[in-house]
Every structure is written in structure tokens, then in C-alpha cells.
Amino acid sequence: MGYKVLDDNLTLANINSDKPKVCFLHGWGRSSKDFMNIENEFESISLDIPGFGKSVPFPQSLSPKKYAEYLADIIPSTVEILVGHSFGGRIAVHLSQIKNYKKIVLIGTPLIRKQNTKKSFSAFNLYKLMNKYKLVSNEKLDQMKNKYGSEDYKNANKHLKDTLVMAVNDDLKGILPYIDTKVELVWGEEDLEVPLQVGLDSNDIIPNSELTIIPGGGHNVLMSSSEIIIEVIKKWIFFIQLF
């Protein structure tokens, strides 16, 4: 069937079935093409999340939860399994609190916010403190964010910059114990962006979860380890068909 614009007239998706069972959600700054080695193994829909890929950007900033609320209305009702990588996994968790999905597969997803045990002093922290007390303007603080921020932040437009800040601050730890669907966690052993420890800790917290570790894998394992991910998803499809 190929790519089509969904009912919102903003979101582009690659769909290979009239009744897709699996929905793929990509990571930050990526697109549905990340799943090109995986999607055709299933009746599926792969979204270009609005603001990324070929979808039309939102004229506003959205938190992962707001993204989920928006996408819940346009993801086909036939979808039974959500597969999210990184940022897409955040959205998948929030979607699981809105609709009942039979399974969600979370790949290298920052489910738990990393806590800084030490307060490091930096020029940027000084500017934030000065901005708090109105000693420097918001414009000057934005300049410092662009100077000291991550590459993702530097490359984003104004609305996506604010979206990224909301995503980074989206700590899902309080939601994890209440996820009442089957969860498969997939992690690269050498993931430097979202360390394996996040996967191990999340697996301890989520009631009905399993963790698959990809030896030597990094953060984006969708291309390099697509066969492993396919097998993980197929395992859950087999489980669904039993019940």
C-alpha cells in the first residue's frame, strides 16, 4: 500500500495492510524508515511522528503524553502491538495508558530519568540561575542553550526544542508499575545514550515484562539487529493467537 497521509492531514505513515496489527514509532530526529528491515514481516503501520520525517510539523510543542493523546485518535483501531524506539517508546508507554494494547515492545527507551548525584557547576548553570532571578533575559538564556545544548537540541526548531526539553523531563518511573499489558524491553548491551541499567531497572519495576539484551548493540539496533527484534515481536504475536 505504501505511504499515505492519515486522517489528521499531517501525519505520514507507511502502511502495508488494511488492518495493521503492529504500529511502529521511531526515535527522536528519525523517521519510519528506521523500521524498513522489520515492518514488512507484519501487517503494520509505521508513522513519521509529526515534526519528523515527512510529516508536517506541529505549530506547537508537545510532551510525549500529549503526542500519545494526539496519535491515539489516528492510529488504526486494529493495532494490537506497539513497538517504540527511544522517544517513540515514551509515546508508546503513554498510549498504553489511553488504550488497551495486547503488547508493547520498548527498544532503548529512556523510561527512567537519570538522576545527577552531583551538582556540577558550569557556565550554563550560572546563566540558568541568573535567569531565574531576572539577571539575564530569556533570549540570552536561549543563546546559551544553543551553545551548550545537545546536538538534538541544536538541530531542532523552536517548537521541537521545547518538545525535547519536555521529553527529557518525562520521567515514566511512576507509570511503570501500573502498565497492565505485556511489555518486552529490548536493549543494546553497549547503549551509551540510554544505558542498559535503565532497562534492567525498568524490568524490575514493570509487573509483566521481559528484557532482551542485544550483545554489543548500541542505541539504534533497528538496522543492525533487526532479526532479533522481529523474533521478539513474532513471539508476542504467537502469544496473542493462543489467547
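I will try to describe carefully the structure that is included in this document. This structure is a prediction, so every number in the text was calculated from the model and none was measured.

### With respect to unusual backbone geometry
A positive phi angle, near 65°, is found at Asn9, a position not held by glycine. For Asn9, the position within the fold is in the loop between β1 (2-5) and β2 (12-15). Despite not being glycine, Ser86 has its phi angle at roughly 55°, a positive value. Note that Ser86 resides in the loop between β5 (81-85) and α2 (87-96). What makes Ser86 buried here is its relative accessible area of 12%.

### Digging into the packing of aromatic side chains
On inspection of all chains with the given rule, the structure shows six aromatic pairs. Measuring from centroid to centroid gives 5.7 Å for Tyr67 and Phe87, while their planes differ by 85°, and the two rings are edge-to-face. With Tyr67 in helix α1 (residues 64-71) and Phe87 in helix α2, this residue pair connects regions lying 20 residues apart in the sequence. Neither residue differs from the other here; Tyr67 and Phe87 are each classed as buried. Joined through ring pairs, the aromatic side chains of Trp28, Phe52, Tyr67 and Phe87 make up one cluster.

### Topic: the nonpolar core
The biggest cluster of nonpolar side chains holds 42 residues, and the ones touching the most others in it are Leu25, Leu47, Ile91, Leu95 and Leu111. Here the element with the most residues in this core is α2; it accounts for five residues. In contact with Leu95, other than residues within four places in its own chain, are Leu25, Ala68, Ala72, Ile75, Leu82 and Tyr101. Counting 17 residues, the second largest nonpolar core, distinct from the first, contains Val22, Val83, Ile107 and Ile233.

### A look at the pattern of salt bridges
Tallied over the full model, the rule gives eight salt bridges. Close ionic contact of Asp34 with Arg30 constitutes a salt bridge, the shortest N to O distance being 2.9 Å. Taking the relative accessible area as the measure of exposure, Asp34 reaches 5% and is therefore buried. Here Arg30 falls in the partly exposed class, since its relative accessible area comes to 37%.

The rules we used
Residues numbered from 1 in each chain as written. Predicted model: local features only at pLDDT ≥ 70, side-chain atom pairs only at ≥ 80, totals over all residues. Heavy atoms only, no water. Helix = DSSP H or I, 4+ residues; strand = E, 2+ residues; numbered from the N terminus. Buried < 20%, exposed > 50% of the residue type's maximum accessible area, 1.4 Å probe, protein only. Phe/Tyr/Trp six-rings, centres within 6.5 Å; stacked < 30°, edge-to-face > 60°. Core = buried A, V, L, I, M, F, W, Y, C linked by side-chain atoms within 4.5 Å. Contact = heavy atoms within 4.5 Å. Salt bridge = Lys/Arg side-chain N within 4 Å of Asp/Glu carboxyl O.

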